[in-house]
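Geometric and topological summary
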Amino acid sequence: MAETGTGGYREVIEWVQNQIASGAFREGDRMPTEKALAEQFGLSRQTIRHATGTLVEQKVLTRIQGSGTYVGCIGKPRRTKRTMRIAVISTFYESYIFPPILKGIERTLSDAGYAMQVSFTDNQVARERQILEQILSGDEVDGLLVEPSQSALPNPNLALYQKIADRRIPILFFHASYPDLPFPCVRMDDISMGREAVRILKEAGHTRIGGIFKSDDRQGKLRYQGFLQAMAEVGFSTGGEEIVWIDTPETKDLSPIGAYVLERWKNVTAAVCYNDEVAIQLVDIAERQGILIPEDLSLVGMDDANLAPVCRVPLTTLRHPKEALGRKAAENLLQMIENAAFDGNYLFPAEPVLRASVGKPGK
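Residues numbered from 1 in each chain as written. Predicted model: local features only at pLDDT ≥ 70, side-chain atom pairs only at ≥ 80, totals over all residues. Heavy atoms only, no water.

**Some points on the overall build of the protein chain**
Test applied: Secondary structure elements are defined from DSSP: runs of H or I of at least 4 residues count as helices, runs of E of at least 2 residues count as strands, and each element is numbered from the N terminus. Each residue is placed in one exposure class: buried if its accessible area under a 1.4 Å probe, protein chains only, is under 20% of its type's maximum, exposed if it is over 50%, and partly exposed if it falls in between. Whether two residues touch is decided by their heavy atoms; if any such pair falls within 4.5 Å, the residues are in contact. Methods summary: accessible areas were calculated by the Shrake-Rupley approach with a probe of 1.4 Å, and residue burial reflects only the protein chains presented. Asp and Glu count as negative and Lys and Arg as positive, but His and the ends of the chain are not part of the count. A charged residue contributes its charge at one atom only: NZ of Lys, CZ of Arg, CG of Asp or CD of Glu.
In terms of regular secondary structure, the protein chain is built from 12 helices and 14 strands. With the C-alpha coordinates of the protein chain rotated into their principal frame, the extents come out at 75 × 55 × 30 Å. Classification of the 363 residues of the protein chain by burial places 51% in the buried group. Pairs at least 24 apart in sequence give 75% of the contacts found in the protein chain among residues at least 6 apart. If you sum the accessible surface of the protein chain, you get close to 16000 Å²; carbon and sulfur atoms cover 49% of it. Once the 42 positive and 46 negative side-chain charges of the protein chain are each reduced to a mean point, those two points are 3 Å apart.

**Things to note about the packing of aromatic side chains**
Note the following rule: Classification of ring pairs rests on two measures: the distance between centres of Phe, Tyr or Trp rings, Trp counted by its six-membered ring, which must be within 6.5 Å, and the angle between planes, read as stacked under 30 degrees, edge-to-face over 60 and tilted in between.
Counted by the stated rule, this structure contains 13 aromatic pairs. Relative to F227, the ring of Y224 has its centre 6.3 Å away and its plane inclined at 20°; by these criteria the two rings are stacked. Placement of the pair is Y224 and F227 together in helix α8 (residues 218-233), with a separation of three residues, close to one helical turn. Here the aromatic rings of Y224 and W245 are separated by 4.9 Å at their centres, their planes lie at 75°, and the arrangement is edge-to-face.

**Digging into the sheet that holds strand β8 (residues 209-214)**
Note the following rule: A pair of strands is labelled paired if DSSP reports no fewer than 2 bridges between them. Interaxial angle, 0 to 180 degrees, is taken between N-to-C directions of lines fitted to C-alpha atoms, where a helix line uses only the stretch in contact.
The four strands lie next to each other as β9-β8-β10-β11, forming an open sheet whose pairing is parallel. At either end of the open sheet lies a strand with only one pairing partner, and these are β9 (243-246) and β11 (298-300). Sheet twist, expressed as the mean angle between neighbouring strand axes with direction ignored, is 15°. Relative to β9, β8 is paired through four bridges, and the arrangement is parallel. The residue of β9 that forms the bridge with G211 is I243. Along the sheet, helix α7 (residues 190-203) contacts β8, β10 (270-273) and β11; its crossing angle with β10, the most-contacted strand, is approximately 160°.

**A closer look at unusual backbone geometry**
Note the cis peptide between I293 and P294, where omega equals 5°. Relative to the assigned elements, P294 resides in the loop between α11 (276-288) and β11. The phi angle at N123 is positive, at roughly 60°, despite the residue not being glycine. Position of N123 relative to the elements: it lies in the loop between β4 (115-120) and α5 (125-138). By relative accessible area, which is 4% here, N123 ends up buried.

**Thoughts on empty space enclosed by the protein**
Where we set the bar: The rule is simple: put a 1 Å grid over the protein atoms alone, call a set of points where a 1.4 Å probe fits but cannot get out a cavity, call an open set with protein on both sides within 12 Å along at least five of seven lines a pocket, and count a residue as lining if it has an atom within 4 Å of a point. Grid points are joined across faces, edges and corners, and a volume is the space filled by probe spheres set on the points.
For the structure shown, the criterion picks out two cavities of 30 Å³ or more. One number sums up the size of the largest cavity: a volume of about 310 Å³. Residue lining of the largest cavity: 26 residues in total, with F98, E147, D217, Q219 and Y274 positioned closest to the centre. Broken down by secondary-structure element, the contributors of at least two residues to the lining of the largest cavity are α8 and α9 (248-252).

Encoded structure:
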């Protein structure tokens, strides 16, 4: 079906009105997703959003943040059963920035009288599915906080999240979210982090800049997006050979590909790293290759992890709020439990931390 003028937009409105008039859609029914309607009508999601937005303004439909669009001028019924338990799903716990994030969540929930039921996926969607099925089988939580697994890749568990939302259990993601789900997210402004990293290097005099980014989560893609935007704005070239993509296992141990990464960067004087964990490993790998940081190669990390200031060459990085992010995620979920219309989204700004790993270009 061709999308021309306002015909498609009006067709969607008329279809919804007819479905309601015929009784196919009843008060309180959840509407099909924008993606499903776009596929049904052969229209763009923007056109679908325009049509449903018009119906919301007419009070024919109601949008509920973090849940979907419902038939009628209603508020999503608040879940009356209270277990005073919140399920928290995180990828990891034992390393990097995760302990303070979970500490912030736990303290906030505890202060509000809630217990935290925490599970870990090890960034595996199969494990995530098991946890979600357990939550559905028990129905014993008042809310769900989730750090998604491999958020940049297709995920087979999205229907399980919708089933949880259909039970009026609020869902809030932290760090990242799945693009096909409507639920809010508390995270870093990852695009700004990529942009800020380039700005730091530009101000130090660098024009030939490479990067290493994570391919299987959205933080990596968004940080790369910000990197590209900043490079284009200042007129720096971004040939593909200077960009390296890695996945989760490789972030834990770069040694098998360290020489390959440095070979890709032989024509650059500086590089942006996906996070501090990656940057710290590259400092050691470069030293073993006889490459000095920052004399030969400047590096910018991200997240200001605990090891960043005590790295062999203290890292210039972008600050991650850690415990504050955990607190904010928990606070926003509690607000969503009390008020179904509360918008739980929040972005933390990029804040530079300047240390010794960035210097003037030496090549």
